[in-house]
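# Residue-level structural notes
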Amino acid sequence: QVQLVESGGGLVQPGGSLRLSCLASGITFSGYLMTWYRQAPGKERELVASIVSGVPNYGASVKGRFTISADNAKNALYLQMNSLKPEDTAVYYCNAQGVTVVTLRSYWGQGTQVTVSS
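Here's a quick rundown of the structure. Here the residue index of a chain counts from 1 through its sequence in written order. With pLDDT at 70 or above as the cut-off, local features in this predicted model cover only qualifying residues; side-chain atom pairs require 80 or more to be listed or tallied, and sums for whole chains, interfaces and linings still use all residues. To get the side-chain values, take all heavy atoms of the structure and skip hydrogens and water.

## Looking at unusual backbone geometry
Keep this limit in mind: We count a stretch as a helix when DSSP gives it H or I for four or more residues in a row; a strand needs E for two or more, and each element gets its number in order from the N terminus.
Residue Ser53 is not a glycine yet carries a positive backbone phi of 50°. Along the chain, Ser53 falls in the loop between β5 (46–52) and β6 (55–58). The phi angle at Asn75 is positive, at roughly 50°, despite the residue not being glycine. Relative to the helices and strands, Asn75 resides in the loop between β7 (66–71) and β8 (76–81).

Following this line, the structure appears as structure tokens:
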């Protein structure tokens, strides 16, 4: 009954922009840490950005280029990606991690492919 669905990935040239969306159903964002992760083939999963109670955090490789935001009324999570680089190429995943005593579960979306290439 809980679903996270990512969208917005695609092919973009270096220096371009994309906005990823994650729509959650079956939960509300209250009590959850919301995070964007990414994983490239042969690479470890990497934390991109997270937000909880309106407070954002970013991985070092994307600071100043990416912005995470949430629309709680719509149960939607966003990742605005600017100044994209080839090394940003990966599958991007949305994750909801419960952080209260009554929301101790973790949910994952199916992922959306981002390819940065000329």
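## Describing the side chain of Ser50
Put simply, the rule reads: Buried residues are those whose accessible area, probed at 1.4 Å on protein chains only, stays under 20% of the maximum for their type, while exposed residues exceed 50% and partly exposed ones sit between those limits. Note on contacts: a residue pair is in contact if any heavy atoms of the two residues lie within 4.5 Å.
Positionally, Ser50 belongs in strand β5. The class of Ser50 is buried, set by a relative accessible area of 8%. Leave out the neighbours within four places in its chain, and Ser50 touches Leu33, Met34, Thr35, Val55, Pro56, Asn57 and Ile68.

## Some points on the nonpolar core
Cut-off, in case you're wondering: We call a set of buried residues a nonpolar core when its members are Ala, Val, Leu, Ile, Met, Phe, Trp, Tyr or Cys and they connect through side-chain atoms within 4.5 Å of each other.
Ranked by size, the top nonpolar core spans 27 residues in total, and within it Trp36, Leu77, Leu79, Met81 and Tyr92 carry the most contacts. Listing elements by their share of this core, those giving two or more residues are β3 (18–25), β4 (32–39), β5, β7, β8, β9 (90–98) and β11 (112–116).

Interpretation in functional terms is not warranted from these geometric data alone.
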